[in-house]
Amino acid sequence: MLLRARQPVTLRDWWTHRLVGEAAPTRVTLTWRAVVRSCARTLPAPRSTPFTFGYLIVLLGTTLVLRFADPVVTAKLLQLSSTDAHNLWRRPLVSLLSSALWLEDGGWLAYALIFTIALAPLERRFGPGRTAIVFFSGHVLATLATEVPVMLLISGGVLPTTASRWLDIGVSYGFFTTAGALVFLLRGRLRITALVVMELFIAVVWLSDSPGSLDSVVTVLGHACAAHFGLFYWGPRLRARREPASDGCDTREFAEPGPDGT
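The shown structure was predicted, so the numbers you read here are calculated from the model rather than taken from an experiment.

1. Section: the packing of aromatic side chains
Across all of its chains, the model carries 13 aromatic pairs by this definition. Grouping aromatic residues by their ring pairs yields a cluster made of Phe51, Tyr55, Phe115, Phe135 and Phe136. Looking at Arg191, its charged tip hangs above the ring of Phe184, at a distance of 4.9 Å from the centre.

Written out as structure tokens, the structure reads:
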């Protein structure tokens, strides 16, 4: 049973316990040094969060390619990587994998913050392997769930053939899947608040990007599918298979010694 900590704990340790629904330590050191140290320790790092850190490095590399490479070359790369109906029909595996290597708007810093909040905590608790599975399963499922109907509508003559060629790249489906899983791992009012924030964020992204266009509708449906896949599928499974945190945060330090002193 987790009881009151015998010594001060960092903000990151408190947040890790809060995310996974465990009793958080009640005494947190709030000195400037502790705050700065805790904030620094939440950043992705090669040892504590290798998947998150490595993925951000890859995204930084592809973002720099889009920024400095020949526009003709980058346009071709994005076209080949897009998970639109045309590419999914002709080269599904290549497009599904390569589409998650690019950021369409080039906002790497924003995604670094998002990954720090929604991906790194999951990896610290459940390890890089399971985190990668959660991320990419949501990316693949949401892509297929939104693009396969488009392919069927094009085949049936409901949509024009031009609907099969549009730029569909990015990591948002994977991010929303991990965010949904984290929301489930929260408890009480914090879970409700996080759920409302996530749903509002999906709506804001949709309304800010030509909400009446086909690609915007497909994208918002993908975001909703990914978020609720993480919430209702991965969330319960991760809670049932809690593993020791992989970042060295040992929960035993918050436990009271047993009768035998252990």
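2. Considering the confidence of the model for the protein chain
Looking at the protein chain, the pLDDT average stands at 82 and 77% of residues meet or exceed 70. Counting interchain partners and residues more than four positions distant, the pLDDT-below-50 stretch residues 243-262 has 38 contacts.

3. Topic: the nonpolar core
Leu122, Phe176, Leu185, Met198 and Leu238 are the most contacted members of the largest nonpolar core, which totals 23 residues. Within the residue set of this core, elements represented by two or more residues are α8 (120-155), α9 (172-185), α10 (188-207) and α11 (214-240). The element best represented in this core is α9, accounting for nine residues. Discounting residues that sit within four places of it in the chain, Met198 has contacts with Phe176, Ala179, Gly180, Val183 and Ala227.

4. Concerning a nonpolar patch on the surface
A grouping of Trp206, Leu207, Val217 and Leu221 is seen on the molecular surface, where their side chains present a nonpolar patch of about 350 Å² in accessible area. Looking at the nonpolar patch, the elements with two or more residues in it are α10 and α11. Of the residues examined, Val217 reaches a relative accessible area of 31% and is grouped as partly exposed.

Conventions we followed
- Residues numbered from 1 in each chain as written.
- Predicted model: local features only at pLDDT ≥ 70, side-chain atom pairs only at ≥ 80, totals over all residues.
- Heavy atoms only, no water.
- Phe/Tyr/Trp six-rings, centres within 6.5 Å; stacked < 30°, edge-to-face > 60°.
- Lys NZ or Arg CZ within 6 Å of the ring centre and 35° of its normal.
- pLDDT = per-residue confidence, 0-100.
- Contact = heavy atoms within 4.5 Å.
- Core = buried A, V, L, I, M, F, W, Y, C linked by side-chain atoms within 4.5 Å.
- Buried < 20%, exposed > 50% of the residue type's maximum accessible area, 1.4 Å probe, protein only.
- Helix = DSSP H or I, 4+ residues; strand = E, 2+ residues; numbered from the N terminus.
- Patch = residues over 30% accessible without salt bridge, like charges linked within 9 Å, V, L, I, M, F, W, Y side chains within 5 Å.
- Areas by Shrake-Rupley, 256 points an atom, 1.4 Å probe, with all protein chains shown as cover.
- Salt bridge = Lys/Arg side-chain N within 4 Å of Asp/Glu carboxyl O.

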